[in-house]
Amino acid sequence: MELVSAGPRTASSLARELGLDRRGMEEDLHHMIRSARAAGYAVIVEPAKCKGCGFVFDADKLTKPGRCPACRRSRIFEPLIRVDPTT
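Remember, it's a predicted structure, so these values are computed and weren't measured experimentally. (Residues numbered from 1 in each chain as written. Predicted model: local features only at pLDDT ≥ 70, side-chain atom pairs only at ≥ 80, totals over all residues. Heavy atoms only, no water.)

> Explain the nonpolar core residue by residue, including any values.
Ranked by internal contacts, the top residues of the largest apolar core, which has 14 residues, are L29 and M32. At the level of secondary structure, the elements contributing two or more residues to this core comprise α2 (11-18), α3 (25-38), β1 (41-46) and β4 (80-85). Counting residues in each nonpolar core, the second largest holds 5 residues, with C50, F57, C68 and I76 among its members. (Core = buried A, V, L, I, M, F, W, Y, C linked by side-chain atoms within 4.5 Å. Buried < 20%, exposed > 50% of the residue type's maximum accessible area, 1.4 Å probe, protein only. Helix = DSSP H or I, 4+ residues; strand = E, 2+ residues; numbered from the N terminus.)

Spelled out as structure tokens, the structure:
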């Protein structure tokens, strides 16, 4: 949780820094989000977005999707996750 408290991070950057597999990272992030909310932190998820057409994916998807369902391109901005202490 400390890594995402410092600033917005992607699942792949967290996996790389922690030495984990990116495929299993989504389940770990969902658990971290539940724990952070239970501890009183605000969790901000900026959803993935297609670079081509601007399609915005569901905020529940925490890892980078393979292709855009609207334009079928694979150039996609990864979702960003940030944890802020509530005031």
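> Run through the environment of D28, naming residues and quoting values.
Its place among the elements puts D28 in helix α3. In this structure the C-alpha to C-alpha distance between D28 and R82, which are 54 residues apart in sequence, comes to 14 Å.

> Talk me through the side chain of R9; I want residue IDs and the actual numbers.
On the secondary structure map, R9 appears in the loop between α1 (2-5) and α2. For R9, the side chain forms a polar contact with the side chain of E17, separated by 2.6 Å. Beyond its immediate stretch of four places on either side in the chain, R9 contacts L3, V4, L14, E17, P79, L80 and I81. (Polar contact = N/O pair within 3.5 Å; in protein donor to acceptor, adjacent residues only side chain to side chain. Contact = heavy atoms within 4.5 Å.)

> How would you sum up α3? Please name residues and give values.
Spanning 14 residues, α3 covers 20 Å between terminal C-alpha atoms, matching the ideal 20 Å at 1.5 Å per step. Turning to α3, its buried residues number three or more, namely M25, E26, L29, M32, I33 and A36. Buried residues along α3 cover an arc of 115° about the axis, so they all sit on one side. Summarising the geometry of α3, the exposed residues directed more than 90 degrees from the buried face are E27, R34 and A38. Taken together, the buried residues of α3 touch α1, α2, β1 and β4. (Expected span 1.5 Å × (residues − 1). Arc of directions from axis to C-beta.)

> Which residues make up the pattern of salt bridges, and what are the values?
Taken as a whole, this structure holds 3 salt bridges when the rule is applied. The shortest N-O distance in the salt bridge between E17 and R9 comes to 2.6 Å. Notably, a salt bridge pairs D84 with R82, separated by 3.0 Å at the nearest N-O pair. A residue is classified by how much of its surface remains accessible, and D84, at 23% relative accessible area, is partly exposed. (Salt bridge = Lys/Arg side-chain N within 4 Å of Asp/Glu carboxyl O.)

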